[in-house]
Amino acid sequence: KQLWSIGVQAVLLFVKVEDSLKDNFGTEAINNNGLMQRAIKEVKNSVPEMTIITDVALDPYSNYGHDGIVKNNKILNDQTNIVLSKMALSHAKAGADIVAPSDMMDGRVLSIRKTLEDNSFHDTGIMSYAVKYASSFYGPFRDALDSKPGFGDKQTYQMDFHNRSEAIAEAKSDIEEGADIVMVKPGMPYLDIISLIKNTFKVPTFAYQVSGEYSMLKLAIDKGWLDADVMLESLLSFKRAGADAILTYSAKEISKEINNK
């Protein structure tokens, strides 16, 4: 209610799952009375006009901290897609407006779209993390959710940040599979990719100012090293690059700042 009153019109929901509920198969992710599903209903009942976007990935639910089902230290892509589709459907049933697969499994957008269509959720949107780099900027978020990978890293399914051309292929694939929105993550280190995707495909393109980006700017502001205006300046660079919307932890303060000007 507070966010809506100051002009924030959409929220992206994540969950922190108790260790006792974690396993290797995302069992809790498809619990219709799980924390995410209850949160969706709570927000929708409190502010019906608020657009609710939900994170669809297994890492918060995984005892391995990975985005997919693990076998012999490898991620099982196709088996993971089955669970992700059930997870997205449970979110839609709870009232989510847009589901956002952040896992980077191949083919998961098509699988989710088919599941939603088969269950008559024709108007539920898909925001695909189409271009998600294996970045070091995610640290604070993973610490908060206790979802660091228990072994290895996520470079086998997230993207190599040295690679520019792969972004085109990944975004094209997700759009063809049925994504309504594509997103680039992280944001500020990848302004060239935001611009590339927007100019190439002319589809709704979002950008994520991730926890590491936000935290370093926030710390510098709190320490007096940088002026507070630097936060808005960094977000405006996203817009200038072509982002239609921005996911940021500074939404509350930025919304107040914009509306007061």
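Scroll up a little and you will see the structure.
Notes on the structure in this doc start here.

From N to C terminus, the protein chain includes 10 helices and nine strands. For a compact globule of 261 residues, the expected C-alpha radius of gyration is about 18 Å, and the protein chain comes in at 18 Å, within 12% of that figure. Considered along the principal axes of its C-alpha atoms, the protein chain spans approximately 50 × 45 × 40 Å. Put simply, the protein chain has 261 residues, and 52% of those count as buried. Taking as baseline every contact in the protein chain between residues at least 6 positions apart, the subset at least 24 positions apart corresponds to 75%. Counting only carbon and sulfur atoms, one obtains 52% of the accessible surface of the protein chain, whose full area is about 12,400 Å².

Side chains Thr 205 and Ala 207 of strand E8 (residues 205-208) all project onto a buried face; the interleaved residues Phe 206 and Tyr 208 project onto the opposite face, where all are buried too. Of the strand pairs in this sheet, strand E7 (residues 181-185) and E8 are connected by three bridges, and their pairing is parallel. Considered in E8, the bridge of Val 182 is made with Thr 205. Once you follow E7 into helix H7 (residues 191-201) and on to E8, the crossover reads as right-handed. Bridging between E8 and strand E9 (residues 245-247) involves three bridges; their strand directions are parallel. Residue pairing for E9: Phe 206 is matched across the bridge by Ala 245.

Once that is clear, we can look at a nonpolar patch on the surface. Taken together, the side chains of Leu 219, Trp 225 and Leu 226 present a nonpolar region at the surface, about 340 Å² in accessible area. Topologically, Leu 226 is positioned in the loop between helix H8 (211-222) and helix H9 (229-241). Classification of Leu 226 by relative accessible area gives partly exposed; the value is 38%.

Bringing unusual backbone geometry into the picture now. For the bond running from Lys 185 to Pro 186, omega is -10°, close enough to zero to count as cis. Phi is positive for Asn 72, close to 55°, though the residue is something other than glycine. Checked against the element boundaries, Asn 72 lands in the loop between strand E3 (69-71) and strand E4 (74-76). Accessibility expressed as a relative area gives 70% for Asn 72, which makes it exposed. Look at Asn 73: it is not a glycine, yet its phi comes out positive at around 65°.

Inspection of the secondary structure assignment puts Ser 250 in the loop between E9 and helix H10 (251-260). Of the residues examined, Ser 250 reaches a relative accessible area of 0% and is grouped as buried. Setting aside anything within four residues of it in sequence, one finds Ser 250 in contact with Gln 209, Tyr 214, Met 231 and Leu 235.

The next subject is the packing of helix H6 (residues 165-177) against H7. Running from N to C, H6 and H7 point in directions that differ by 45°, and their axes come no closer than 10 Å. What the angle tells us is that H6 and H7 run oblique. Read as a crossing pair, H6 and H7 show a hand that is right-handed. On H7, the residues that touch Ala 167, Ile 168, Ala 171, Lys 172 and Ile 175 of H6 are Ile 193, Leu 196, Ile 197, Thr 200 and Phe 201. Residues belonging to the contact of H6 with H7 are distributed by class as follows: eight nonpolar, one polar and one charged.

Turning our attention to the sheet that holds strand E1 (residues 10-13). Taken in spatial order, the seven strands line up as E1-E2-E5-E6-E7-E8-E9 in an open sheet, and their pairing is parallel. Of all strands in the sheet, those bounded by a partner on one side alone are E1 and E9. Adjacent strand axes in the sheet meet at a mean angle of 25° when their direction is disregarded.

The next point concerns the layout of surface pockets. In this structure, the largest pocket encloses a volume near 890 Å³. If you go around the largest pocket, you meet 30 residues; those closest to its centre are Val 8, Ile 246, Leu 247, Thr 248 and Ala 251. Where the lining of the largest pocket is concerned, the elements lending two or more residues are E1, strand E2 (51-56), E8, H9, E9 and H10. If one sorts the elements of the lining of the largest pocket by residue count, H10 sits on top with six residues. Its residues placed into classes, the lining of the largest pocket shows 21 nonpolar, six polar and three charged.

Parameters and conventions
Residues numbered from 1 in each chain as written. Predicted model: local features only at pLDDT ≥ 70, side-chain atom pairs only at ≥ 80, totals over all residues. Heavy atoms only, no water. Helix = DSSP H or I, 4+ residues; strand = E, 2+ residues; numbered from the N terminus. Rg over C-alpha atoms; globule rule 2.2 N^0.38 Å. Buried < 20%, exposed > 50% of the residue type's maximum accessible area, 1.4 Å probe, protein only. Contact = heavy atoms within 4.5 Å. Areas by Shrake-Rupley, 256 points an atom, 1.4 Å probe, with all protein chains shown as cover. Pairing = 2+ DSSP bridges. Right-handed = clockwise from strand over helix to strand, strands pointing away. Patch = residues over 30% accessible without salt bridge, like charges linked within 9 Å, V, L, I, M, F, W, Y side chains within 5 Å. Salt bridge = Lys/Arg side-chain N within 4 Å of Asp/Glu carboxyl O. Axes fitted to C-alpha atoms, helices over the stretch in contact; angles between N-to-C directions. Parallel < 35°, antiparallel > 145°, perpendicular 65-115°, else oblique. Left-handed = near helix turned anticlockwise from the far one by under 90°. Nonpolar A, V, L, I, M, F, W, Y, C, P; charged D, E, K, R; others polar. 1 Å grid on protein atoms, 1.4 Å probe; cavity = no way out; pocket = protein on both sides within 12 Å on 5 of 7 lines; lining within 4 Å. Points joined across faces, edges and corners; volume = space filled by probe spheres on them.

None of this, on its own, says anything about what the molecule does.
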